[in-house]
Amino acid sequence: MATLEEFVTEVTAEVEAQKPMMMNVNGKEEEMTDDDYDWYINVNAQAKFDERENSYLPLQEQLDQIWHAVDAGLFGEDSKTSDWYEDIKKVKDDNPKPE
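Residues numbered from 1 in each chain as written. Predicted model: local features only at pLDDT ≥ 70, side-chain atom pairs only at ≥ 80, totals over all residues. Heavy atoms only, no water.

Engineer: Whenever I open this one, the overall build of the protein confuses me. Can you help?
Structural biologist: Each helix and strand counted, the protein has 4 helices and 2 strands in total. For the protein, the α and β elements follow one another from N to C terminus as α-β-β-α-α-α. Relative to its length of 99 residues, the protein is extended, with a C-alpha radius of gyration of 23 Å against a globular reference of 13 Å. Buried positions account for 15% of the 99 residues belonging to the protein. Of all intrachain contacts in the protein linking residues separated by at least 6 positions in sequence, the fraction that spans at least 24 positions is 40%. Of the accessible surface of the protein, which amounts to about 7800 Å², a share of 53% is contributed by carbon and sulfur atoms. Considering the protein, the positive charge centre built from 9 side chains and the negative charge centre built from 26 side chains are found 6 Å apart. (Helix = DSSP H or I, 4+ residues; strand = E, 2+ residues; numbered from the N terminus. Rg over C-alpha atoms; globule rule 2.2 N^0.38 Å. Buried < 20%, exposed > 50% of the residue type's maximum accessible area, 1.4 Å probe, protein only. Contact = heavy atoms within 4.5 Å. Areas by Shrake-Rupley, 256 points an atom, 1.4 Å probe, with all protein chains shown as cover. Lys, Arg positive; Asp, Glu negative; His and termini not counted. Charge placed at Lys NZ, Arg CZ, Asp CG, Glu CD.)

Engineer: Any chance you could explain the pairing of strand 1 (residues 22-25) here in plain terms?
Structural biologist: On a regular strand, one side chain projects to one face of the sheet and the next to the other, so that they alternate. Judged from the 4 bridges that link them, strand 1 and strand 2 (residues 28-31) form a sheet pairing that is antiparallel. Following the sheet pairing, Val 25 is matched in strand 2 by Lys 28. The turn linking strand 1 back onto strand 2 is made up of 2 residues, and Asn 26 within it adopts a positive phi angle of 55°. (Pairing = 2+ DSSP bridges.)

Engineer: Looking at this structure, I do not really get the packing of aromatic side chains. What am I missing?
Structural biologist: Under the defined criterion, the tally for this structure stands at 2 aromatic pairs. Measuring from centroid to centroid gives 5.6 Å for Trp 67 and Tyr 85, while their planes differ by 0°, and the two rings are stacked. Separated by 18 residues along the polypeptide, Trp 67 in helix 3 (residues 59-71) and Tyr 85 in helix 4 (residues 83-94) bring together distant segments of the chain. We note that Trp 67, like Tyr 85, is buried. Above the ring of Tyr 37, the side-chain terminus of Lys 19 is found at 4.4 Å from the ring centroid. One Lys or Arg, Lys 92, reaches over the ring of Trp 67 and ends 4.9 Å from the middle of that ring. (Phe/Tyr/Trp six-rings, centres within 6.5 Å; stacked < 30°, edge-to-face > 60°. Lys NZ or Arg CZ within 6 Å of the ring centre and 35° of its normal.)

Engineer: Help me understand helix 3 in this model?
Structural biologist: For an α-helix the count is 3.6 residues per turn, leaving residues at separations of three or four pointing the same way. In a regular helix each residue adds 1.5 Å, so 13 residues correspond to 18 Å; helix 3 covers 18 Å between its end C-alpha atoms and thus fits that length. Looking at the residues trailing helix 3, positive phi occurs at Gly 73, about 85°. (Expected span 1.5 Å × (residues − 1).)

Engineer: Explanation requested: a nonpolar patch on the surface in the structure shown.
Structural biologist: On the surface, Leu 59, Leu 63, Ile 66 and Phe 75 cluster together into a nonpolar patch covering about 390 Å² of accessible area. Within the fold, Phe 75 resides in the loop between helix 3 and helix 4. (Patch = residues over 30% accessible without salt bridge, like charges linked within 9 Å, V, L, I, M, F, W, Y side chains within 5 Å. Salt bridge = Lys/Arg side-chain N within 4 Å of Asp/Glu carboxyl O.)

Engineer: Would you mind showing me how to read the packing of helix 1 (residues 4-18) against helix 2 (residues 34-55) here?
Structural biologist: The angle between the axes and the distance between the axes are what describe a pair of packed helices. Taken N-terminus to C-terminus, the directions of helix 1 and helix 2 make an angle of 130°; their axes are 8 Å apart at the nearest point. Between helix 1 and helix 2, the interaxial angle falls into the category oblique. In terms of crossing hand, the pair formed by helix 1 and helix 2 is right-handed. Here Leu 4, Phe 7, Val 8, Glu 10, Val 11, Thr 12, Glu 14 and Val 15 of helix 1 come into contact with helix 2, specifically with Tyr 37, Tyr 40, Ile 41, Asn 42, Asn 44, Ala 45, Gln 46, Lys 48, Phe 49 and Arg 52. Counted by class, the contact of helix 1 with helix 2 contains 10 nonpolar, 4 polar and 4 charged residues. (Axes fitted to C-alpha atoms, helices over the stretch in contact; angles between N-to-C directions. Parallel < 35°, antiparallel > 145°, perpendicular 65-115°, else oblique. Left-handed = near helix turned anticlockwise from the far one by under 90°. Nonpolar A, V, L, I, M, F, W, Y, C, P; charged D, E, K, R; others polar.)

Structure representation (C-alpha cells):
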C-alpha cells in the first residue's frame, strides 16, 4: 500500500522539476515561497493519497471477493482448509445474505 510519505516524495520530485513555480500575489507574478511550496506539496500529496484510498472497494467487499475466489477453488482446494476460510465460511453460513 502506498503511504502518504511516498506521495509527498513523488509530488516533491514533480515540483522540483517544475521550479520555479509562479503564483499571483496582489496582481503580480511571484515565485512561490518555501512555505507555498510546502503547502502545495502537502495538499497535492494528500489529494493523490485520498484518491487512491477511495478507489478501493470497502474492506468487507474485498474480503468477500477473496472468500468467493477461495470457495471457487481459484487458490487451490487446500486454501479451503485455512482458518481464515473456515472462519469466514462460518460467518456466511450462520448469517446468510437476504434473498
